[in-house]
Amino acid sequence: MAVCTVYTVQSLNSTCSISKPTKTHLGFNQKQLVFFKKTTTRRTTTEITCSAGDTVVIGLAADSGCGKSTFMRRLTSVFGGAAEPPKGGNPDSNTLISDTTTVICLDDYHSLDRTGRKEKGVTALDPRANNFDLMYEQVKAIKSGVAVEKPIYNHVTGLIDPPELIKPPKIFVIEGLHPMYDARVRELLDFSIYLDISNEVKFAWKIQRDMAERGHSLESIKASIEARKPDFDAYIDPQKQYADAVIEVLPTQLIPDDNEGKVLRVRLIMKEGVKYFNPVYLFDEGSTISWIPCGRKLTCSYPGIKFSYGPETYFGHEV
Ligand SMILES: Nc1ncnc2c1ncn2[C@@H]1O[C@H](COP(=O)(O)OP(=O)(O)OP(=O)(O)O)[C@@H](O)[C@H]1O
Ligand SMILES: O=C(CO)[C@H](O)[C@H](O)COP(=O)(O)O
(Lines give C-alpha, C1' and ligand atoms only; values in the text may rest on other atoms or scores of the structure.)
(Ligands and ions follow the chains in the order given, each with its own letter.)
Protein backbone atom coordinates (compact mmCIF):
# COMPACT_ATOMS: atom_id res chain seq x y z
CA MET A 1 0.00 0.00 0.00
CA ALA A 2 1.44 3.36 -1.05
CA VAL A 3 1.30 6.46 1.07
CA CYS A 4 0.98 9.87 -0.54
CA THR A 5 0.36 13.44 0.52
CA VAL A 6 -2.88 15.32 -0.02
CA TYR A 7 -2.27 19.04 -0.32
CA THR A 8 -4.90 20.95 1.59
CA VAL A 9 -5.31 24.61 2.29
CA GLN A 10 -4.86 24.32 6.03
CA SER A 11 -2.03 21.81 6.07
CA LEU A 12 0.31 20.32 3.56
CA ASN A 13 0.94 17.16 5.57
CA SER A 14 -2.30 15.15 5.85
CA THR A 15 -1.72 11.56 4.78
CA CYS A 16 -3.75 9.18 2.68
CA SER A 17 -3.39 5.62 1.47
CA ILE A 18 -3.95 4.31 -2.04
CA SER A 19 -5.44 0.89 -2.82
CA LYS A 20 -5.07 -1.03 -6.11
CA PRO A 21 -6.06 0.83 -9.30
CA THR A 22 -9.50 0.01 -10.81
CA LYS A 23 -11.00 0.80 -14.25
CA THR A 24 -14.03 3.08 -14.37
CA HIS A 25 -16.74 3.54 -17.03
CA LEU A 26 -14.82 6.55 -18.31
CA GLY A 27 -11.79 4.43 -18.97
CA PHE A 28 -9.73 6.26 -16.38
CA ASN A 29 -7.36 4.24 -14.32
CA GLN A 30 -8.57 5.16 -10.85
CA LYS A 31 -7.25 4.61 -7.37
CA GLN A 32 -9.27 4.63 -4.21
CA LEU A 33 -7.86 7.04 -1.65
CA VAL A 34 -8.61 6.82 2.03
CA PHE A 35 -8.18 10.30 3.37
CA PHE A 36 -7.31 10.69 7.05
CA LYS A 37 -8.36 14.06 8.38
CA LYS A 38 -6.65 14.75 11.71
CA THR A 39 -8.52 16.77 14.31
CA THR A 40 -7.40 17.53 17.86
CA THR A 41 -10.00 15.23 19.47
CA ARG A 42 -10.53 12.38 16.99
CA ARG A 43 -9.46 11.01 13.62
CA THR A 44 -12.05 11.03 10.81
CA THR A 45 -11.76 9.27 7.45
CA THR A 46 -13.27 10.21 4.10
CA GLU A 47 -13.06 8.17 0.88
CA ILE A 48 -12.17 9.99 -2.30
CA THR A 49 -11.14 8.73 -5.72
CA CYS A 50 -8.52 9.95 -8.09
CA SER A 51 -7.01 8.99 -11.44
CA ALA A 52 -3.62 7.33 -11.73
CA GLY A 53 -1.50 10.26 -12.78
CA ASP A 54 -2.38 10.61 -16.46
CA THR A 55 -3.92 14.09 -16.21
CA VAL A 56 -3.07 16.54 -18.99
CA VAL A 57 -2.62 20.08 -17.66
CA ILE A 58 -3.44 23.11 -19.83
CA GLY A 59 -2.76 26.71 -18.80
CA LEU A 60 -4.86 29.59 -20.14
CA ALA A 61 -3.67 33.10 -19.31
CA ALA A 62 -5.28 36.47 -19.94
CA ASP A 63 -6.20 39.67 -18.19
CA SER A 64 -9.64 40.01 -16.62
CA GLY A 65 -12.41 40.51 -19.19
CA CYS A 66 -10.34 39.12 -22.06
CA GLY A 67 -12.55 36.15 -22.85
CA LYS A 68 -11.08 33.31 -20.69
CA SER A 69 -14.51 32.03 -19.64
CA THR A 70 -15.90 32.42 -23.17
CA PHE A 71 -12.92 30.55 -24.65
CA MET A 72 -13.06 27.84 -21.96
CA ARG A 73 -16.74 27.14 -22.60
CA ARG A 74 -15.90 26.48 -26.28
CA LEU A 75 -12.83 24.40 -25.43
CA THR A 76 -14.54 22.14 -22.87
CA SER A 77 -17.37 21.47 -25.33
CA VAL A 78 -14.75 20.40 -27.90
CA PHE A 79 -13.27 17.99 -25.32
CA GLY A 80 -16.78 16.60 -24.65
CA GLY A 81 -19.79 17.31 -22.46
CA ALA A 82 -21.16 20.54 -21.02
CA ALA A 83 -19.08 22.09 -18.24
CA GLU A 84 -21.01 22.87 -15.05
CA PRO A 85 -20.21 24.12 -11.53
CA PRO A 86 -19.59 21.35 -8.94
CA LYS A 87 -22.94 19.86 -7.87
CA GLY A 88 -24.07 20.68 -4.34
CA GLY A 89 -21.04 22.85 -3.67
CA ASN A 90 -20.49 26.54 -3.02
CA PRO A 91 -22.80 28.43 -5.43
CA ASP A 92 -20.01 30.98 -5.91
CA SER A 93 -17.44 28.34 -6.90
CA ASN A 94 -15.35 29.36 -9.93
CA THR A 95 -14.82 25.72 -11.00
CA LEU A 96 -16.38 24.06 -14.06
CA ILE A 97 -16.56 20.30 -14.49
CA SER A 98 -17.47 18.26 -17.57
CA ASP A 99 -17.14 14.54 -18.38
CA THR A 100 -13.48 14.87 -19.30
CA THR A 101 -12.37 18.26 -18.09
CA THR A 102 -12.10 20.27 -14.89
CA VAL A 103 -11.43 24.00 -15.21
CA ILE A 104 -10.24 25.89 -12.15
CA CYS A 105 -9.81 29.63 -11.89
CA LEU A 106 -6.48 30.75 -10.45
CA ASP A 107 -8.21 33.65 -8.65
CA ASP A 108 -8.81 30.91 -6.05
CA TYR A 109 -5.14 31.25 -5.09
CA HIS A 110 -5.49 34.90 -4.10
CA SER A 111 -3.78 35.03 -0.70
CA LEU A 112 -5.26 38.45 0.07
CA ASP A 113 -9.00 39.04 -0.03
CA ARG A 114 -10.48 42.28 -1.37
CA THR A 115 -10.07 44.13 1.94
CA GLY A 116 -6.53 42.78 2.39
CA ARG A 117 -5.51 44.02 -1.06
CA LYS A 118 -7.03 47.42 -0.36
CA GLU A 119 -5.21 47.69 2.98
CA LYS A 120 -1.86 46.70 1.45
CA GLY A 121 -2.45 48.81 -1.70
CA VAL A 122 -1.85 45.92 -4.12
CA THR A 123 -3.94 44.71 -7.06
CA ALA A 124 -4.96 41.07 -7.66
CA LEU A 125 -2.37 40.98 -10.45
CA ASP A 126 0.49 41.55 -8.02
CA PRO A 127 2.27 38.27 -7.14
CA ARG A 128 2.20 39.36 -3.45
CA ALA A 129 -1.59 38.91 -3.52
CA ASN A 130 -1.31 35.27 -4.68
CA ASN A 131 -0.13 32.01 -3.11
CA PHE A 132 2.12 30.42 -5.75
CA ASP A 133 3.46 27.77 -3.34
CA LEU A 134 -0.02 26.33 -2.84
CA MET A 135 -0.85 26.68 -6.55
CA TYR A 136 2.27 24.67 -7.42
CA GLU A 137 1.69 21.96 -4.78
CA GLN A 138 -1.94 21.47 -5.81
CA VAL A 139 -1.40 21.45 -9.60
CA LYS A 140 1.46 18.98 -9.07
CA ALA A 141 -0.77 16.78 -6.91
CA ILE A 142 -3.61 16.77 -9.49
CA LYS A 143 -1.18 16.00 -12.30
CA SER A 144 0.09 13.00 -10.38
CA GLY A 145 -3.41 11.72 -9.62
CA VAL A 146 -4.05 13.07 -6.14
CA ALA A 147 -7.17 15.02 -5.14
CA VAL A 148 -6.79 18.38 -3.41
CA GLU A 149 -8.82 20.76 -1.30
CA LYS A 150 -8.54 24.01 -3.20
CA PRO A 151 -9.54 27.37 -1.70
CA ILE A 152 -12.33 29.40 -3.32
CA TYR A 153 -12.04 33.13 -3.94
CA ASN A 154 -15.58 34.49 -3.79
CA HIS A 155 -16.00 37.21 -6.40
CA VAL A 156 -19.37 38.19 -4.94
CA THR A 157 -18.19 38.86 -1.37
CA GLY A 158 -14.49 39.44 -2.06
CA LEU A 159 -13.64 36.88 0.66
CA ILE A 160 -11.75 33.59 0.65
CA ASP A 161 -14.32 30.82 1.23
CA PRO A 162 -13.82 27.30 2.67
CA PRO A 163 -12.11 24.95 0.19
CA GLU A 164 -13.69 22.56 -2.32
CA LEU A 165 -12.47 19.09 -3.25
CA ILE A 166 -10.96 18.81 -6.74
CA LYS A 167 -10.42 15.31 -8.11
CA PRO A 168 -7.92 14.63 -10.90
CA PRO A 169 -9.72 14.73 -14.29
CA LYS A 170 -8.52 13.54 -17.70
CA ILE A 171 -7.89 17.18 -18.69
CA PHE A 172 -7.16 19.83 -16.08
CA VAL A 173 -7.32 23.47 -17.16
CA ILE A 174 -5.93 26.24 -14.99
CA GLU A 175 -7.19 29.59 -16.22
CA GLY A 176 -6.49 33.00 -14.83
CA LEU A 177 -4.04 35.82 -14.48
CA HIS A 178 -0.88 33.82 -13.71
CA PRO A 179 -0.73 30.24 -15.05
CA MET A 180 2.73 30.81 -16.57
CA TYR A 181 4.11 33.30 -14.02
CA ASP A 182 5.73 30.88 -11.55
CA ALA A 183 8.44 28.72 -13.17
CA ARG A 184 7.45 25.66 -11.09
CA VAL A 185 3.80 25.85 -12.21
CA ARG A 186 4.88 26.56 -15.80
CA GLU A 187 6.94 23.36 -15.83
CA LEU A 188 3.81 21.36 -15.00
CA LEU A 189 1.89 22.59 -18.06
CA ASP A 190 1.55 20.21 -21.00
CA PHE A 191 0.18 23.01 -23.16
CA SER A 192 -0.27 26.75 -22.66
CA ILE A 193 -2.37 29.42 -24.29
CA TYR A 194 -2.24 33.21 -23.89
CA LEU A 195 -5.18 35.39 -24.99
CA ASP A 196 -3.56 38.65 -26.06
CA ILE A 197 -6.37 41.14 -26.45
CA SER A 198 -5.32 44.58 -27.70
CA ASN A 199 -6.24 47.52 -25.49
CA GLU A 200 -8.93 48.83 -27.83
CA VAL A 201 -10.73 45.48 -27.95
CA LYS A 202 -10.22 44.78 -24.22
CA PHE A 203 -11.81 48.13 -23.32
CA ALA A 204 -14.77 47.49 -25.63
CA TRP A 205 -15.41 43.96 -24.25
CA LYS A 206 -14.97 44.94 -20.62
CA ILE A 207 -17.12 48.05 -20.90
CA GLN A 208 -19.89 46.13 -22.65
CA ARG A 209 -19.85 43.30 -20.03
CA ASP A 210 -19.28 45.30 -16.85
CA MET A 211 -21.90 47.93 -17.69
CA ALA A 212 -24.54 45.44 -18.89
CA GLU A 213 -23.95 42.56 -16.45
CA ARG A 214 -22.18 44.02 -13.42
CA GLY A 215 -23.79 47.47 -13.16
CA HIS A 216 -20.49 49.44 -13.23
CA SER A 217 -20.29 52.98 -14.63
CA LEU A 218 -18.15 53.83 -17.65
CA GLU A 219 -15.91 56.05 -15.48
CA SER A 220 -15.30 53.34 -12.87
CA ILE A 221 -14.45 50.75 -15.56
CA LYS A 222 -11.98 53.13 -17.23
CA ALA A 223 -10.42 53.99 -13.85
CA SER A 224 -10.04 50.30 -12.94
CA ILE A 225 -8.41 49.50 -16.31
CA GLU A 226 -5.95 52.39 -15.88
CA ALA A 227 -5.13 51.40 -12.27
CA ARG A 228 -4.34 47.82 -13.29
CA LYS A 229 -2.20 48.74 -16.31
CA PRO A 230 1.25 48.91 -14.60
CA ASP A 231 0.75 45.50 -12.95
CA PHE A 232 -0.66 44.06 -16.16
CA ASP A 233 2.49 45.16 -18.00
CA ALA A 234 4.78 43.89 -15.23
CA TYR A 235 3.22 40.51 -14.35
CA ILE A 236 0.60 39.35 -16.87
CA ASP A 237 1.73 40.41 -20.35
CA PRO A 238 5.28 38.89 -20.07
CA GLN A 239 3.74 35.40 -19.78
CA LYS A 240 2.94 35.36 -23.49
CA GLN A 241 6.59 34.60 -24.30
CA TYR A 242 6.13 31.15 -22.67
CA ALA A 243 2.82 30.23 -24.38
CA ASP A 244 2.64 27.41 -26.93
CA ALA A 245 -0.21 29.27 -28.65
CA VAL A 246 -1.07 32.97 -28.50
CA ILE A 247 -4.36 34.32 -29.80
CA GLU A 248 -4.13 38.03 -30.53
CA VAL A 249 -7.35 39.98 -31.09
CA LEU A 250 -6.76 43.35 -32.73
CA PRO A 251 -8.76 46.09 -34.48
CA THR A 252 -9.57 45.37 -38.13
CA GLN A 253 -7.47 46.77 -40.98
CA LEU A 254 -10.34 46.34 -43.41
CA ILE A 255 -12.30 49.43 -42.33
CA PRO A 256 -10.29 52.69 -42.31
CA ASP A 257 -10.60 54.54 -38.96
CA ASP A 258 -13.03 51.98 -37.56
CA ASN A 259 -14.22 52.92 -34.09
CA GLU A 260 -17.15 50.53 -33.82
CA GLY A 261 -14.96 47.54 -32.95
CA LYS A 262 -17.42 45.00 -34.32
CA VAL A 263 -15.10 43.65 -37.02
CA LEU A 264 -11.93 42.15 -35.56
CA ARG A 265 -8.58 40.81 -36.71
CA VAL A 266 -7.27 37.61 -35.13
CA ARG A 267 -3.70 36.36 -35.23
CA LEU A 268 -3.02 32.79 -34.09
CA ILE A 269 0.65 32.36 -33.18
CA MET A 270 1.70 28.72 -32.84
CA LYS A 271 5.09 27.70 -31.51
CA GLU A 272 7.07 25.16 -33.58
CA GLY A 273 8.45 22.02 -31.97
CA VAL A 274 5.93 21.62 -29.13
CA LYS A 275 5.48 17.98 -28.11
CA TYR A 276 2.07 16.55 -29.14
CA PHE A 277 1.15 19.73 -31.05
CA ASN A 278 1.10 20.12 -34.83
CA PRO A 279 0.63 23.73 -35.87
CA VAL A 280 -2.00 24.27 -38.57
CA TYR A 281 -1.30 26.14 -41.81
CA LEU A 282 -3.49 27.83 -44.38
CA PHE A 283 -2.57 25.98 -47.61
CA ASP A 284 1.02 24.91 -47.59
CA GLU A 285 3.37 24.50 -44.64
CA GLY A 286 6.28 26.95 -44.64
CA SER A 287 4.97 29.26 -47.39
CA THR A 288 3.78 32.82 -46.93
CA ILE A 289 0.30 33.39 -48.27
CA SER A 290 -2.10 36.30 -48.36
CA TRP A 291 -5.55 35.45 -49.67
CA ILE A 292 -8.70 37.45 -50.37
CA PRO A 293 -11.39 34.95 -51.38
CA CYS A 294 -13.36 35.44 -54.58
CA GLY A 295 -16.62 37.17 -53.68
CA ARG A 296 -18.62 34.93 -56.03
CA LYS A 297 -17.47 31.72 -54.29
CA LEU A 298 -17.33 32.80 -50.66
CA THR A 299 -19.57 35.61 -49.57
CA CYS A 300 -19.80 37.55 -46.35
CA SER A 301 -21.19 40.90 -45.30
CA TYR A 302 -19.13 44.11 -45.62
CA PRO A 303 -16.12 44.62 -45.33
CA GLY A 304 -15.04 41.19 -46.62
CA ILE A 305 -12.46 38.65 -45.50
CA LYS A 306 -8.70 38.53 -45.67
CA PHE A 307 -6.52 35.61 -44.58
CA SER A 308 -2.77 35.40 -44.36
CA TYR A 309 -0.32 32.83 -43.08
CA GLY A 310 3.43 32.61 -42.77
CA PRO A 311 6.44 31.70 -40.63
CA GLU A 312 7.81 34.29 -38.19
CA THR A 313 9.79 34.57 -34.99
CA TYR A 314 8.12 35.49 -31.71
CA PHE A 315 10.22 36.12 -28.58
CA GLY A 316 13.05 34.24 -30.27
CA HIS A 317 10.94 31.17 -31.14
CA GLU A 318 10.04 29.89 -34.60
CA VAL A 319 6.27 30.23 -34.92
N1 LIG B 1 -14.21 35.77 -28.85
C2 LIG B 1 -14.98 36.80 -28.48
N3 LIG B 1 -15.61 37.55 -29.39
C4 LIG B 1 -16.36 38.60 -29.02
N5 LIG B 1 -16.55 39.00 -27.74
C6 LIG B 1 -15.95 38.28 -26.79
C7 LIG B 1 -15.13 37.14 -27.09
N8 LIG B 1 -14.63 36.64 -25.94
C9 LIG B 1 -15.14 37.43 -24.95
N10 LIG B 1 -15.91 38.41 -25.46
C11 LIG B 1 -16.60 39.46 -24.70
O12 LIG B 1 -15.78 39.84 -23.57
C13 LIG B 1 -16.52 39.77 -22.36
C14 LIG B 1 -15.60 39.18 -21.29
O15 LIG B 1 -15.37 37.81 -21.56
P16 LIG B 1 -15.20 36.73 -20.40
O17 LIG B 1 -16.22 36.93 -19.33
O18 LIG B 1 -15.13 35.41 -21.07
O19 LIG B 1 -13.76 37.16 -19.85
P20 LIG B 1 -12.91 36.62 -18.61
O21 LIG B 1 -11.49 36.72 -19.04
O22 LIG B 1 -13.39 35.28 -18.20
O23 LIG B 1 -13.22 37.71 -17.52
P24 LIG B 1 -13.03 37.69 -15.90
O25 LIG B 1 -11.69 37.11 -15.60
O26 LIG B 1 -13.11 39.13 -15.53
O27 LIG B 1 -14.19 36.90 -15.35
C28 LIG B 1 -17.75 38.89 -22.65
O29 LIG B 1 -18.87 39.38 -21.98
C30 LIG B 1 -17.92 38.98 -24.15
O31 LIG B 1 -18.88 39.96 -24.44
O1 LIG C 1 -8.47 40.34 -12.09
C2 LIG C 1 -9.28 39.63 -11.58
C3 LIG C 1 -9.33 38.24 -12.03
O4 LIG C 1 -10.55 37.91 -12.61
C5 LIG C 1 -10.12 40.12 -10.46
O6 LIG C 1 -10.12 41.49 -10.48
C7 LIG C 1 -9.54 39.62 -9.15
O8 LIG C 1 -9.80 38.25 -9.01
C9 LIG C 1 -10.13 40.40 -7.96
O10 LIG C 1 -11.46 40.15 -7.86
P11 LIG C 1 -12.55 41.19 -7.37
O12 LIG C 1 -12.94 41.91 -8.63
O13 LIG C 1 -13.62 40.28 -6.84
O14 LIG C 1 -11.98 42.07 -6.32
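An unreviewed UniProt entry lists the protein under the name Phosphoribulokinase, with Fraxinus pennsylvanica given as the organism. Among the UniProt annotations of the protein, the heading Subcellular location (unreviewed entry) holds the following wording: "Plastid, Chloroplast".

1. Re the overall build of the protein
The number of helices and strands found in the protein is six helices and 18 strands. When contacts within the protein are restricted to residue pairs at least 6 apart in sequence, those whose partners lie at least 24 apart make up 56%.

2. Details of the pairing of strand 11 (residues 171-176)
Summarising burial for strand 11: five of the six residues are buried, a large majority. Examined bridge by bridge, strand 8 (residues 101-105) and strand 11 share five bridges and lie parallel to one another. Residue pairing in the sheet places T101 in a bridge with I171 of strand 11.

3. So, the site of ligand 1
As a matter of local geometry, ligand 1 sits amid A62, S64, G65, C66, G67, K68, S69, T70, W205, Q208 and R209. Sorting the residues of the shell around ligand 1 by element identifies helix 1 (68-79) and helix 5 (199-212) as the ones contributing at least two each. Class assignment for the residues of the shell around ligand 1 results in three nonpolar, six polar and two charged.

4. Structural notes on the domain arrangement of the protein
You can read the domains of the protein as domain 1 (52-242) and domain 2 (245-319). The straight-line distance from the C-alpha centre of domain 1 to that of domain 2 is 27 Å. Every contact between the two is made by 12 residues of domain 1 and, on the other side, 11 residues of domain 2. Counting residues per element, the ones that place at least two in the side of domain 1 that touches domain 2 are strand 12 (191-197) and helix 5. Among the elements that make up the side of domain 1 that touches domain 2, the one with the highest residue count is strand 12 (six residues).

5. Quick word on the confidence of the model for the protein
Model confidence for the protein is summarised by a mean pLDDT of 82, while 83% of its residues fall at 70 or above. With a pTM of 0.83, the predicted complex shows an ipTM of 0.93.

6. A word on helix 3 (residues 132-143)
Each full turn of the α-helix corresponds to 3.6 residues, which orients residues three or four apart in the same direction. Over its 12 residues, helix 3 runs 16 Å from end to end, which matches the ideal 16 Å to within 8%, given 1.5 Å per residue. Within helix 3 the residues assigned to the buried category are M135, Q138, V139, A141 and I142. Along the axis of helix 3, the buried positions cluster into a sector of 160 degrees, meaning they face one direction only. On the buried face of helix 3, the contacting elements are strand 6 (56-61), strand 9 (148-153), strand 10 (160-166), strand 11 and helix 4 (183-188). Once helix 3 ends, the next one or two residues include G145, with phi positive near 90 degrees.

7. So, the nonpolar core
In this structure, A62, I142 and Y194 are the most contacted members of the largest nonpolar core, which totals 38 residues. Contributing elements (two or more residues each) for this core: strand 6, strand 7 (96-97), strand 8, helix 3, strand 11 and strand 12. Not counting chain neighbours up to four residues away, the residues in contact with Y194 comprise A61, A62, Q239, K240, A243 and V246.

8. Brief notes about the sheet that holds strand 12
On the basis of which strands lie adjacent, the open sheet formed by seven strands has the order 7-8-11-6-12-13-14 and mixed pairing. Here the strands that pair on one side only, and so sit at the sheet edges, are strand 7 and strand 14 (264-270). Helix 5 rests against strand 12, strand 13 (245-251) and strand 14 of the sheet, and its axis sits at about 80 degrees to strand 13.

9. Notes on the site of ligand 2
Every residue near ligand 2 is listed here: S64, D107, R114, A124, H155, G158 and L177. Tallied by class, residues from the shell around ligand 2 come to two nonpolar, three polar and two charged.

10. Points about the UniProt feature "domain: Phosphoribulokinase/uridine kinase" (unreviewed entry) in the protein
Taken from the UniProt record, the annotation "domain: Phosphoribulokinase/uridine kinase" (unreviewed entry) applies to residues 57-255. Counting secondary structure, residues 57-255 comes out at 35% helix and 23% strand; the distance between its end C-alpha atoms is 40 Å.

11. Examining the packing of helix 5 against helix 6 (residues 218-236)
For the pair helix 5 and helix 6, interaxial distance at closest approach is 10 Å and the crossing angle is 135 degrees. Here helix 6 runs oblique to helix 5, going by the angle between their axes. The interaxial crossing formed by helix 5 with helix 6 has right-handed handedness. Facing helix 5, whose interface residues are F203, K206, I207, D210 and M211, helix 6 presents L218, I221 and I225. Looking at the contact of helix 5 with helix 6 residue by residue, the class counts come to six nonpolar, no polar and two charged.

12. A closer look at unusual backbone geometry
Phi is positive for Y276, close to 65 degrees, though the residue is something other than glycine. Tracing the sequence through the fold places Y276 in the loop between strand 14 and strand 15 (289-291). Unlike most non-glycine residues, F315 shows phi in positive territory, near 50 degrees. By secondary structure assignment, the location of F315 is in the loop between strand 17 (313-314) and strand 18 (317-318).

Rules and cut-offs
- Within any chain, residue numbers begin from 1 and follow the written order of that chain's sequence.
- Each chain is given a letter, starting from A, and each ligand a number, starting from 1, according to the order in which they appear as written.
- Local features in this predicted model are restricted to residues whose pLDDT is 70 or higher, and side-chain atom pairs enter the listing and the counts only when it is 80 or higher, whereas totals over whole chains, interfaces and linings include all residues.
- UniProt positions are given in the numbering used here, feature names are shortened, and annotations may be inferred rather than shown by experiment.
- Secondary structure is summarised from DSSP: a helix means a run of H or I of at least four residues, a strand means a run of E of at least two, and numbering begins at the N terminus for each.
- Here contacts are defined at the residue level, using C-beta atoms placed from the backbone and a cut-off of 7 Å between them.
- Counting other C-beta atoms within 10 Å of its own, a residue is labelled buried from 20 upward, exposed at 12 or fewer, and partly exposed in the gap between, with every C-beta atom placed from the backbone.
- Pairs of strands are assigned from DSSP output, requiring at least two bridges between the strands.
- Near, as applied to residues and a molecule or strand, means the residue's backbone-placed C-beta atom lies within 6 Å of it.
- Basically, the charged four are Asp, Glu, Lys and Arg, the nonpolar ten are Ala, Val, Leu, Ile, Met, Phe, Trp, Tyr, Cys and Pro, and anything else, Gly included, counts as polar.
- All the domain ranges listed were derived from an automatic or database domain assignment.
- Confidence scores per residue from the predictor, reported as pLDDT, run from 0 to 100.
- For a helix, the expected span equals 1.5 Å multiplied by the residue count minus one.
- Directions are taken from the helix axis to each C-beta atom, and the arc is the one they span.
- The nonpolar core is taken to be a set of buried Ala, Val, Leu, Ile, Met, Phe, Trp, Tyr and Cys residues joined by way of C-beta atoms within 7 Å.
- All axes are obtained by fitting lines to C-alpha atoms, using only the stretch in contact for helices, and the reported angles, taken between N-to-C directions, cover 0 to 180 degrees.
- Orientation categories follow fixed angle ranges, with anything under 35 degrees roughly parallel, anything over 145 roughly antiparallel, 65 to 115 roughly perpendicular, and all other angles oblique.
- In this scheme the handedness of a crossing depends on how the near helix is turned from the far one: anticlockwise by less than a right angle means left-handed, clockwise means right-handed.

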